[in-house]
Amino acid sequence: MDRIPRPPGLDRPSGGRFLFKPFGSMPPHVHSLPFCSLSGRRALVTGASSGIGRAIALEFARAGAEVLLHYRANRRGAEEIARECHSLGVTTTLLQADLADDTTYQPLITQAWAGGFVDIWVNNAGVDLLTGEQARLPYAEKLRLLWDIDVRATVLLGREVAERMKAAQAGVILNIGWDQADRGMEGASGELFATAKNAIMGFTRSLAVSMAPRVRVNCIAPGWIKTAWGEQARDEWQQRVLRETPLARWGRSEEHTSELQSQFRISYAVFCLKKK
C-alpha cells in the first residue's frame, strides 16, 4: 500500500461547487454543476489503472475526494493515474491485489480502511476477454475468469464492505452491470457477459435491500463505451453501435463516470437529510 499525499499549494474544490472537466461535444452548461464537493470523502475504485476504472477515479479526484487506486499488475498505469489525481489537489493510495485470488480480499479491505472510513467503494474490476491473449481462451476458461474476477470479487468484496458501512450507518457501494445483460446478445461474448453481469445486477438489488436504509448500493449498467476493444473493433461492430445507440455514437468513459459520481452525491445528500 502506497499512500501519496496531495502536493502542497493545491486545494481541493470547495464552496459547494464542482467543475466538471469539459469533454466531447457536451453543451457548456453541463460542465459546471451545483453539486456538493466530495472533499473529505474517501473513494476506492477497483481496476483503476486503465479504462473505465481510470476515468471513475479521475472523476472522484476532480470532486475533491481522496482516491484509493486498486490495480492488479499495471503498476505504471496506477502511478500515472495517481499523478493526474495529484494535479487536481488530492491524496491517493495505491493498493495492489489479484482479485482472482479471494485470499487477497480481506487484506485489501483492511488496507483501505487503515487510512480512515471509506465512503465510496466502486467494484469496477473485470477481466478483459475481448483483447489480448485472453480473447483466445476456450469458452469454459473465459467463464471461469469472469466468474472469479467480475462476479465473485464483486459479491464477496461488496458484502464485506457493506457490513463495515452498515456498522457506521453510512456509505455507498457502486457495482458495474451491462445494459444488454437482461435482454441478451448473440454470440459467445454476449452469453458470457450476460451471465456475469446479470449475476452482479441481481446481487446488487438484493444487497441494497439487505443494507437499507443507511447504506446505499447501486449498479450502473453502461452501454457501448469506447474502451480498448472499441478502438479496434471491426467495422460491423462500429456500424452496430451507430444503429443501437440513440446518439448514434460510442459512449465515452467520462460520461459514464459522471453518472457514477452523481449516484454517490444523490445518495450522500439523502443520507444527510435523513440525519437531520
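Residue positions are counted from 1 within each chain, in the order its sequence is given. Totals for whole chains, interfaces and linings use all residues, but because this is a predicted model, local features are given only for residues with pLDDT of at least 70 and pairs of side-chain atoms are given and counted only at 80 or more. The basis for every side-chain value is the complete set of non-hydrogen atoms in the structure, without hydrogens or water.

This part is about the overall build of the chain. The number of helices and strands found in the chain is 8 helices and 9 strands. The buried label applies to any residue whose accessible area, calculated with a 1.4 Å probe on protein chains only, is under 20% of its type's maximum; exposed applies above 50%, and partly exposed to all values in between. Counting only residues that meet the buried cut, the chain has 47% of its 276 residues in that class. Should any heavy atoms of two residues lie within 4.5 Å, those residues are counted as being in contact. When contacts within the chain are restricted to residue pairs at least 6 apart in sequence, those whose partners lie at least 24 apart make up 72%. Secondary structure elements follow DSSP: runs of H or I of four or more residues count as helices, runs of E of two or more count as strands, with numbering from the N terminus.

Here a pair means two rings of Phe, Tyr or Trp (six-membered ring of Trp) with centres within 6.5 Å. Their orientation is stacked below 30 degrees between planes, edge-to-face above 60, and tilted elsewhere. According to the stated counting rule, one finds 2 aromatic pairs in the structure shown. Ring centres of W113 and W121 lie 6.3 Å apart, and the angle between their planes is 25°; on these two criteria the pair is classed as stacked. Through successive ring pairs, a cluster of aromatic residues spans W113, F117 and W121. Here the guanidinium or amino end of R164 rests over the ring plane of W113, the centre of that ring lying 5.2 Å away. Two conditions define a charge sitting above a ring: the NZ of Lys or the CZ of Arg must be within 6 Å of the ring centre, and it must be within 35 degrees of the ring normal.

Given the number of residues in a helix, its expected span is that number minus one, multiplied by 1.5 Å. Along its 24 residues, helix 5 (residues 188–211) runs 35 Å from first to last C-alpha, staying within 8% of the 34 Å computed at 1.5 Å per residue. For helix 5, the secondary structure elements touched by its buried residues are helix 4 (139–168), strand 8 (172–176) and strand 9 (216–220).

Note that D119 resides in the loop between helix 3 (105–114) and strand 7 (120–123). Counting of polar contacts relies on pairs of N or O atoms within 3.5 Å, with two restrictions inside protein: one atom must be capable of donating a hydrogen and the other of accepting it, and residues adjacent in sequence are counted only when both atoms are side-chain atoms. Engagement of the side chain of D119 in a polar contact is seen with the backbone nitrogen of R42, the distance being 2.9 Å.

Glancing now at the pairing of strand 8. Within strand 8, 5 of the 5 residues are buried, leaving the element largely enclosed by the surrounding structure. Here strand 8 shows two buried faces, one formed by V172, L174 and I176 and the other by I173 and N175. Once you follow strand 7 into helix 4 and on to strand 8, the crossover reads as right-handed. Two strands pair if DSSP finds at least two bridges between them. In terms of strand pairing, strand 8 meets strand 9 through 5 bridges, oriented parallel. Orienting the strands away from the viewer, one traces the path from the first strand over the helix to the second; a clockwise path indicates a right-handed crossover.

This part covers unusual backbone geometry. The omega angle of the peptide bond from A212 to P213 is 5°, so this bond is cis rather than trans. Positive phi, close to 55°, is recorded for Q169, a residue that is not glycine. Note on placement: Q169 falls in the loop between helix 4 and strand 8. Relative accessible area serves as the criterion here: at 45%, Q169 is assigned to the partly exposed category.

In these notes, a set of buried Ala, Val, Leu, Ile, Met, Phe, Trp, Tyr and Cys residues joined through side-chain atoms within 4.5 Å is what counts as a nonpolar core. Of all hydrophobic cores here, the largest spans 25 residues; its most connected members are V45, A57, F60, L69, I120 and V122. For this core, the elements supplying multiple residues, two or more each, are strand 4 (42–45), helix 1 (51–62), strand 5 (66–71), helix 2 (75–87), strand 7 and strand 8. Per element, the largest residue contribution to this core is 6 residues, and it comes from helix 1.

Let's shift gears to the pattern of salt bridges. For salt bridges, the criterion is a side-chain nitrogen of Lys or Arg within 4 Å of an Asp or Glu carboxyl oxygen. Scanning the entire structure with this criterion turns up 10 salt bridges. Among the ionic pairs, D148 bridges to R144, the shortest N-O distance being 2.9 Å. Of this pair, D148 and R144 both sit in helix 4, separated by 4 residues, roughly a single helical turn. With relative accessibility at 18%, the residue D148 sits in the buried group.

Before going further, it helps to spend a moment on helix 1. Between its first and last C-alpha, helix 1 extends 17 Å over 12 residues, near the 16 Å set by a 1.5 Å rise per residue. Helix 1 sits mainly inside the fold: 10 of its 12 residues count as buried. The set of residues buried in helix 1 consists of I52, G53, A55, I56, A57, L58, E59, F60, A61 and R62. Just beyond helix 1, the residue with positive phi is G64, at close to 100°.

To continue, consider the packing of helix 1 against helix 2. Describing two packed helices takes the angle between their axes plus the distance from one axis to the other. Axes, fitted as lines to C-alpha atoms, cover a helix only where it is in contact. Angles between the N-to-C directions of the axes lie from 0 to 180 degrees. The N-to-C vectors of helix 1 and helix 2 enclose an angle of 20°; their axes lie 9 Å apart at closest approach. Taken together, the axis directions place helix 1 and helix 2 in an arrangement best described as roughly parallel. Remark: the crossing between helix 1 and helix 2 carries right-handed chirality. Of the residues in helix 2, those touching helix 1 at R54, A57, L58 and A61 are I81, E84 and C85. Under the convention adopted here, Pro, Cys and the residues Ala, Val, Leu, Ile, Met, Phe, Trp and Tyr are nonpolar, Asp, Glu, Lys and Arg are charged, and Gly plus all remaining residues are polar. When grouped by side-chain class, the residues that make up the contact of helix 1 with helix 2 number 5 nonpolar, no polar and 2 charged. Roughly parallel covers angles under 35 degrees, roughly antiparallel covers those over 145, roughly perpendicular covers 65 to 115, and oblique covers all other angles. The handedness criterion is simple: a crossing whose near helix is rotated anticlockwise from the far helix by less than a right angle is left-handed, and one whose near helix is rotated clockwise is right-handed.

All right, on to the environment of V67 then. Take V67: it is sitting in strand 5. The class of V67 is buried, set by a relative accessible area of 0%. When near neighbours in sequence (up to four residues on either side) are disregarded, V67 contacts A43, A57, F60, A61, T91, T92 and T93.

With that settled, consider the confidence of the model for the chain. Per-residue confidence for the chain gives a mean pLDDT of 79, with 68% of residues at or over 70. pLDDT measures how confident the predictor is about each residue, on a scale from 0 to 100. Confidence over residues 7–35 falls short of pLDDT 50; this stretch has 57 contacts with residues more than four positions distant or in other chains.

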